[in-house]
Structures are given as structure tokens and as C-alpha cells.
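Summary of the model geometry
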Amino acid sequence: MFRGRRKPDDFTAEVEAHLQFEMERLREQGMNEEDARAAACRNFGNVTQVRERFYESGRWVSWDHFWQDVRYGLRMLKKTPGFTAMAVLTLGLGIGANTAIFSLVNALLLKDLPYAHPERMGTIYMRTTGAEAADEQRNVDGEQWQLLRDEVPSLVSAVSSMGTNGVNLQAGSRVQYLHAGRVSAHYFDVLALQLILGRNYSADEDRPHGPKTAILSYALWRTTFSANRNVLGQAVLLKGEPYTIIGVLPEGATTTLNADIYTALQASREGEGGGTNFEPIARLRDGATWQQADAEMNRALARSLRVLSFAKNNPGEQRTYYFVPLQKAETDALRPRVLALMLAAGFILLIACANLAGLTLVRMLRRTSELATRLALGASPWQVQRQLWIENLLLALLGGAVGVEIGFLALRGLLALLPQHFLPVAKVSLDSRVLAFTLSLTLLTSVLFGMLPALVTRKVDLRSSIASRTVIAAGTVRLRQALIAGEVALTVVLIAAAGLLIRTLIHLETMPPGFNPNGVIAAKASLDNVRYHDPAAFRKLLDESLAAMREIPGVQSAALGLTLPYERALINGVILRDGKDAGQEISTNEVYVTPGYFDTLRIPVVEGRTFTQADGPDAQPVVVINQSFARKFLHAVDPVGRFLKIENKDVLVVGVVGDTMLSSAAELNAGSAPLTKEETIYVPAAQINPHFLPLVHSFFQPSWIVRTTGSVEGITAQMQRGLESTDPNLPFSGFYDMKDLMAATLTTQRIEVALLTAMASLALLLSAVGLFALVASIVVQKTREIGIRMALGSTVGEAMLQIGRSGVSASLVGIFLGLVVASGALRVMRGVLYGIGVYDPLTVAMVVFTLVLVTLLATILPTLKIVKIDPANTLREE
Amino acid sequence: MLQGTLDLLILRTLIFGARHGQGIARAIQETSEEELLVEHGALYPALQRLEERAWISAKWGISSNNRKARFYSLTAVGRKQLVKETTKWNRLAKAIARILGSAASEG
């Protein structure tokens, strides 16, 4: 735009040079100095006119006018620092909230995954028709994985374990607790990650019972192995067995597992591979298409037992497998939440703009006489409008600049709130796309809040404006009331949404847990270790370590359980032995525990007994069930003394205990509450099936729990010593109490509540400010009128009521509108509410109460100024 | 002078190399044997216009008599434009000459 811009000085110099050349030429022809100058000027013509033409031909005029307007605008903004600060802060908050949330949207939904050609990466979804219609991401079993690997030539496929497992790594003399992931050969090829050292697993190493090898994450290589390049070929003890290190991942590499150390999956069709326990990912080979891959996959998987048996049991129903881009699959669960947040942020921006529209409107009207004067002095309406728009733009840009700052801080706070690996992306940042979004948002806001004042001031009437001091028409007050009503309505929707989430969280957190969580300290350790594949060694560890912990002063009792309340439990199949459901196989949560478990957690015994040391490996197999199990599967008819068949053994039910809260693993079971009471059976740790032990421990890390009287100093160190006294190479993964466990289970809910509450509060604050500004400006405008009324006998109270009414009525309309909108819109929240309905009377009451309170505050405060109005003064001013 | 004629003359003048404003004015006057009297001032809006169209470019330099001057030179676009405009002008001139010639013979 400014290319070839030339300064007028430069042009003047050129003209001067021209005249000099001409004079020189004429002097050479024999003219004297004076005549030469005159002749040169004559030849040139009108110098001033040429200079003017130069000036006007350039962009200098409009540029100058623009700068003039900008400087004038800045002066006007400086003259009203209160307005400017308020406007910039309002915009900054609105734009900041949007910037922060958009950077999430950007990172999760817009940006590519941090892999080469992410569009060629996918994972498997399955569409089922019929009674159990579903369309969701699917894992595969061992057989399906082999079919996928060998019979889908369009793809490089890989599978990984579901999530990571806690394991112990012993390198040299140091033992540490780590998160290990198991991945098939080619897993890192699919992700297109180049190892910085070493190589990927070979096909041989990925075969069942193949050589045991490990690939290190960059962080582990740096910390535990001091970035030693000779680490390749070194042996480490992982899960008690020697593994050879064959590679190191690059720095900052993200995988679908984000483990500390990776071992080969060595998938088979048995054991783990008997169920759909493998997460597939695939990369399209060069030249292949997804259509080809889908067709090949369906052909291959149609031969798998799982699909065949489904077809046999569900005639007429169909299962279709298809690939979905990894990006979409990874963000599927978060997408609606993030978009809801973006919508909330949009509401806040609208509220901010409505506020500003009201404020600028008043400002413009106060400047009517200035504008009228400018028009009278010959400014064109376009020039006046341009001036106003430039002021709006300046405000918006200032607000945008503050917004970027606020957005940056908000984003940092937001990310600090999220647990590690909560998001499937490595980092969320304010990149150029976010900044471009913010800039366009800024421009949009200037239009949004500038439009209304611009329309109103277009109608400024010259004569009446110059004559009268105030020209606030009743119409503009009504306009501002409408704006306030709109703001309040949006605020109601946001607060109602936040209120419903808060009520859900409170409901979940205050559900009776079924045990006494106070005074319990827990610690996990990994028994995924060859040493503990032997049941005798396992029993010895439990007995000795628990005995040592009971010795700690202040410890009342100590016990061990595979999982604890608030956690997700192992699911196992149990066959019912008697009653009308005899022979039916059901699945239930199963927890192995030591005898002190129920006592330590204070889980009430309802009937029969719990376990004792006598329930050993050679004694009659026994089981304790919870009330839900008794109700659901034994119909609560004399459960004690009946038998269940667990892993081909007849097991005697010896007791019934109360239900406890369990995590339903909501990320796996869409639509279920994150905490539920489910049917559970407890088996003695001493009677666990020896073949089952290694498998169970590869998925779960058991918890040692102690109940203490009050706080015990150094309890964690003493617990660690208690464990070390039995096995010096067994570290705890960390210590926590039951509140931590509950918090971890309710992470998603807590984050949602925190974010939405923050946004709703912001909306409330902005609405209150808007309301306050409306009433305050009416007070100022009507000072004269109030003075006259009071002189004629009106009381202060009446005057306050009369003025305040405009704010209150606007707000009431807004509350009503908001409730109507919320009753429709918030129905989409049904899936995330537990324990309450969308039409929760308490939430509605709280919303109305909050808004009425804020409305009264925001209207009464500015009307207090009326008390100071002295009728005598106002009349004298007249 | 006809609209566009001055532009054409300026471009033509620059074909032999860079010149400053006064040089261009003199050249036009001299080559037209003082037939075309250009008011020197009128040259500058035209130069400005041509520079904006990027037909000519300008640079401050030192003249033969050691004076600072703004030198204009033909750009590649300008050169092409000159050829085009010259052809057009010649055609126009011929057409006008033909019309005038026939009018003279008729009268």
C-alpha cells in the first residue's frame, strides 16, 4: 500500500534541482544570474501548483487524514480515561477468554498431529446395525490383529497395549517405578518416529516368547541412563526379567501411550489376545487409498471368530469396520466439550460487545454537540463517521492487545489445571493461527459494538444538537435496556450450565462412599514381576510387608487389595450355580484382598463374615460379595452359604458387605456416571488362581493401605521401609489418600466445573458492569429532572426507584429470556449430568437469586448518587 | 497536447538511458526542434504517474556537473509499453493523416 511513497521534501528537492539545471543552462547561454532564475521559473510554470498536484496525487492526503483521525481518536480516548480503561478491560477479558479457548480448539481440532503425513494415519471404528446399534472406536483381539497385520496390504499396521502399566525397572542397583507401554513391531513406523539411537523391534522380537527388548523414551534415557550413547545392548531388569535396550526415542516424541519405556507386545491369540485388548493404528502405504484399506480390512476381519460368532448370534445385523483419521479418533471425546467451551467464550464476547455498544452509545450522545459542530464547520458525514469508526477500531485494538495478554495467562492457568497427558496433543500454544483469530475477533468486535452508536449518530440533527445540552432520547435508553436484557439472558444460560455441573460434581463427591475414607493412606507397587508369578512368594510378600506396616506406631490396621474404592476394578466372568439363573455366566467386578481389607476401609459387613488367615490356598475357596451382587444375581435370598463358579472352582459365599463407590471408567463406558456402585466380588489374595496372577498384575498394581490414628509423622517413609524389609527391590509408585483417588476419578468433571464457572463468573461480572453503567448514565442524564422533581416534593427514595426501575426491568426481562433459552439449550447437557435433571429447581433458584442480587447491587449503587443531588443547585444551573 | 502523448514522449526520451527531469524536458524540446514546448512543471505529475505504474523507476544520483539529481530510467514494463504505445500512436497518426488528407482533397 505504501510502496513508492515519496516524501514531499524529496519532491521539493527534485524541483529545486531542476531549476538549478535550467539556470545553469541559461547562464551558459550568457544570461545573468537574475534573468536565468526568472526564465527557469517561467519555463517551469507554477511551482506551487505542481507541488500541490504532487501532494494530492500521492497517498499523502488520505494517509495524513488517517493519521489525523488516529491522533484525534487517541486524544479523545485519553480525555475519558475511565471509559477507555473500562472498555479496554471489558474487551480484553472477552477477547482473552476466546483466545485461550481457541488455542485449545486449534491444538485439538485444527492442528495436525505431530507426525509426518498425519492424514495417512488412522484407527479402526466399527458400525453395528440392529438392536445394539453403535458406531465407535474398536480395539482388536489377537486373531484380528494377525489378520490386520497380514492381510491388509494397503497399510502398515501396528497395535499397542491399552494404556500403560506400572512396572519396576532395575538398572544397575537402582530400582524405579515406571509406566511401561507394550507395542508391536512397526508401531514407531506408523507414527513415523525416527529413533535417535538403535532400531525398532524386529518381527522375531515381536513374536510370543521372542527375545525381550526395550526402547527407551528420551526422558528416561536422559535421566536414568545419563544420555549414555553406549546404552544399546545394555541389559536392564524390567518386571524382574532381563531386557536388552535396543533403541531410544527422539526428544519430545508423543505416542498414543506416552510411556517411559516400551517393550514388544508379542501379541498372541491366547490370554490377553483372547479379548479385544489391542489398540490398532495404521498408516496408509504410498499409492493406497482408505477405500482400498477399508475393503481389505472388512474382508480380512470377516474371517475372525469374533465377527463370525456375532453374525451367528445376531442374524440380519451387520458389522462394518472402517478407518477414521487418527486426529479425529483421538479428539472425538473432547470435541463436544471443547466446542461447548468455545460457545461459552463466544457468549462472553457478545456480552462484552453489548456492554461496549451501550457505553459507546452514551459516549457518542454526549459528544453530539461536538459532532454537530464539526458538521457545521463543513466536515462531511463520511468524515465524522470515519472518525468514530477509527476510535472504535483503536479501542478494539487496545482491547485485543490486552486480550492476548489475558489469553496467554488464562491458557497457562488452564493447562496447569489439566493433569499430564489429559490432552492427546503435546502442547497447546498461542501460535500464529490463534493470533490471527484474535485479530479478526478484534476487528469483529469493533464492528459489533460500533454499529449501534454509528447508526444512532447518523441521525444527529444539526440545529437541535447545538442548541440543547443533552439530547438523550428515550429511544436510546430503551435500546440500551435491550442490550442489557440480552447480556443477562446469555449470562443466565452460562450460570445455569455452570450450576448444573457444580451440582453434578457435588452430587458425585458427596455420594456416600460406602466406607470411611478418612485416615487411610494408600501406596501402589508393581508386582508385574517374575518373582511374584509364584503364589507362595506373593503370599509371603503380603504377609511380611503387612506385618511390618502394622508395627508402625499409630497404624491401626494394614491390608492389601488389587484395587480400591473410587478406582476401576478388574472385570471377571462368574458362573451362577443355583437358582433359576443356574449356569448363566455374568461379569462382575472382582477384587482380591487380604483379610484386613474390610476392617481397614471400614466397609460394613452386612451378613456372614469376611476373610481370615484360615482362608488359605488349600482351604475351601471362599468369596465375599457386595449388596449389589447379592441383589442382582442372587436376588438377595440367603446369599451366604451359596456357591458360585469362578474359574472352574466352586466357591462358597461366606459374607455380604456394603457397596462402595467404584470408578466406572467413564472414558470406556460412554454415558455412565464416573462413580457408581456396581456388583463386586472379593476373593482372598491367598486363594487367587496361580495362572491368573501374572495376567492380573500386568494390568493392575495392587495397593497397600493402612489406617492410622490421626496424622503419623514419616508414615510414608515407614511404609516404604516396611515393604523394603521384605523386598528391597520393590518401590512404591507414590502415596495418596482416598480423596486423591476420588479427585483423580472426577478429573474431567472438576475441570469442566472450573472452566465453566470461571466463564460464568466473567459473564456475570460483565453484565453487572453493563447494568451499573446503564443506571449510572441515566442518573447523570436525569440529574436536572430529578432535581426539579425533588424541588416539587418527590423524595430521594422515589427518585431512586424511578431511575433504578429501568435497570431492574431490563435485567428481569433478561433473566426470563435466559431461563427460556436455557430450558431448551441445556438439554444437550443431559449426558454429563448425574444425580440431577436438566430442570433442577435448586439450580434455577440459585441462578435467579444470584442474578437478582447482582441486579439490585448494580442498580442501587449508582442510584446512591441521587442522595447527593441538591435541588437548589440543579435549578440554579438551569 | 493529447492525453498520453506526454507519457509517450517521456518514455521515448528515456530509451537511450537514465535522465533527470530537466534533462527530459530539454530533450523533448530539442528533438522536436523546439516545436513542442512543454511546461517543465507539467512533466512532474506525468513522471509521478509513470513511476507509480512502474513503467519508469527513479533514483537519486550525481549529474555530469556534480549536482544531485533524481534520475529516471525505463523499466522492462516501460520498454514494452513504449513499443505498444508507439505502434498505436503511429497507427492513429496515419489514420488522422489519411482523414485530413482526404478532407483536404475533397475541399
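Everything quoted here is computed from the prediction, not taken from an experiment. (Residues numbered from 1 in each chain as written. Chains lettered and ligands numbered in written order. Predicted model: local features only at pLDDT ≥ 70, side-chain atom pairs only at ≥ 80, totals over all residues.)

Across its full length, chain A carries 28 helices and 25 strands. In terms of overall size, chain A is more extended than a compact globule, its C-alpha atoms giving a radius of gyration of 38 Å where 878 residues would be expected to give roughly 29 Å. Its C-alpha atoms give chain A principal-axis dimensions of about 125 × 90 × 65 Å. Within the span of chain A, comprising 878 residues, buried residues form 41% of the whole. (Helix = DSSP H or I, 4+ residues; strand = E, 2+ residues; numbered from the N terminus. Rg over C-alpha atoms; globule rule 2.2 N^0.38 Å. Buried ≥ 20, exposed ≤ 12 C-beta atoms within 10 Å, placed from the backbone.)

A few words on the pairing of strand β7 (residues 213-216) of chain A. All names here are of chain A. Neither face of β7 is exposed, since T213 and I215 on one face and A214 and L216 on the opposite face are all buried. Here 4 bridges tie β7 to strand β9 (residues 241-248), and the two strands are oriented parallel to one another. Bridge assignment links A214 to a residue of β9, and that residue is I245. Pairing of β7 with strand β10 (residues 261-264), which is carried by 3 bridges, proceeds in the antiparallel orientation. Each residue of the ladder has a partner; that of A214, found in β10, is T263. (Pairing = 2+ DSSP bridges.)

Let's shift gears to the nonpolar core. All names here are of chain A. Counting 157 residues, the largest nonpolar core has I348, V492, L494, V623, M759 and A763 as the members making the most contacts within it. For this core, the element with the most residues is helix α17 (residues 474-510), which contributes 18 residues. Looking at this core, you find at least three residues from each of domain 2 (60-115 + 333-469) and domain 4 (526-732). Non-local contacts of L494, meaning those with residues more than four positions away in its chain, are made with A344, F347, M759, A760 and A763. Membership of the second largest hydrophobic core comes to 54 residues, among which are V140, I245, I281 and A282. (Core = buried A, V, L, I, M, F, W, Y, C linked by C-beta atoms within 7 Å. Domains from an automatic or database assignment. Contact = placed C-beta atoms within 7 Å.)

Residues and elements named next belong to chain A. Here helix α18 (residues 535-550) is 16 residues long and its end C-alpha atoms lie 22 Å apart, about the 22 Å a rise of 1.5 Å per residue gives. For α18, the set of buried residues is F538, L541, L542, S545, L546 and M549. Buried positions in α18, seen along its axis, are confined to an arc of 105 degrees and lie on one side of it. Where α18 is buried, its residues meet β14 (555-561), α21 (692-699), β24 (703-708) and α22 (715-724). (Expected span 1.5 Å × (residues − 1). Arc of directions from axis to C-beta.)

Within helix α23 (residues 738-745) of chain A, burial applies to M738, L741, M742 and T745 of chain A. Projection of α23 of chain A onto a plane perpendicular to its axis shows the buried side chains occupying an angular sector of 95 degrees, all on one side.

Our focus in this paragraph is the interface of chain A and chain B. Facing the 17 residues of chain A at the interface are 17 residues of chain B. Ranked by the residues each element gives to the side of chain A that touches chain B, the list is headed by helix α1 (residues 8-28) of chain A, at 7 residues. Broken down by class, the residue content of the side of chain A that touches chain B amounts to 6 nonpolar, 7 polar and 4 charged. (Nonpolar A, V, L, I, M, F, W, Y, C, P; charged D, E, K, R; others polar.)

All names here are of chain A. Bridge analysis of strand β6 (residues 197-198) against β9 gives 2 bridges, and the strand direction is antiparallel. Following the sheet pairing, G198 is matched in β9 by G247. Pairing analysis gives 4 bridges linking strand β8 (residues 235-238) to β9, with the strands arranged antiparallel. Bridge pairing in β9 places V236 opposite Y243.

Let us look at the confidence of the model for chain B. Residues and elements named next belong to chain B. Averaged over all residues, the pLDDT of chain B equals 82, while 90% of them reach at least 70. The secondary-structure element of chain B with the lowest mean pLDDT is helix α4 (residues 76-106), recorded at 82, while strand β3 (residues 68-74) shows the highest, at 90. On the interface metric, ipTM, the complex scores 0.85, and its pTM is 0.74. (pLDDT = per-residue confidence, 0-100.)

Moving on to the domain arrangement of chain A. Residues and elements named next belong to chain A. Its domain assignment divides chain A into domain 1 (1-58), domain 2 (60-115 + 333-469), domain 3 (130-317) and domain 4 (526-732). Counting from both sides, the interface comprises 13 residues of domain 3 and, opposite them, 12 residues of domain 4. When residues in the side of domain 3 that touches domain 4 are grouped by element, the largest group, 5 residues, is from strand β4 (residues 165-171). Class assignment for the residues of the side of domain 3 that touches domain 4 results in 3 nonpolar, 7 polar and 3 charged.

We now examine the environment of L505 of chain A. Relative to the helices and strands, L505 of chain A is located in helix α17. C-beta crowding within 10 Å serves as the criterion here: with 20 such atoms nearby, L505 of chain A is assigned to the buried category.

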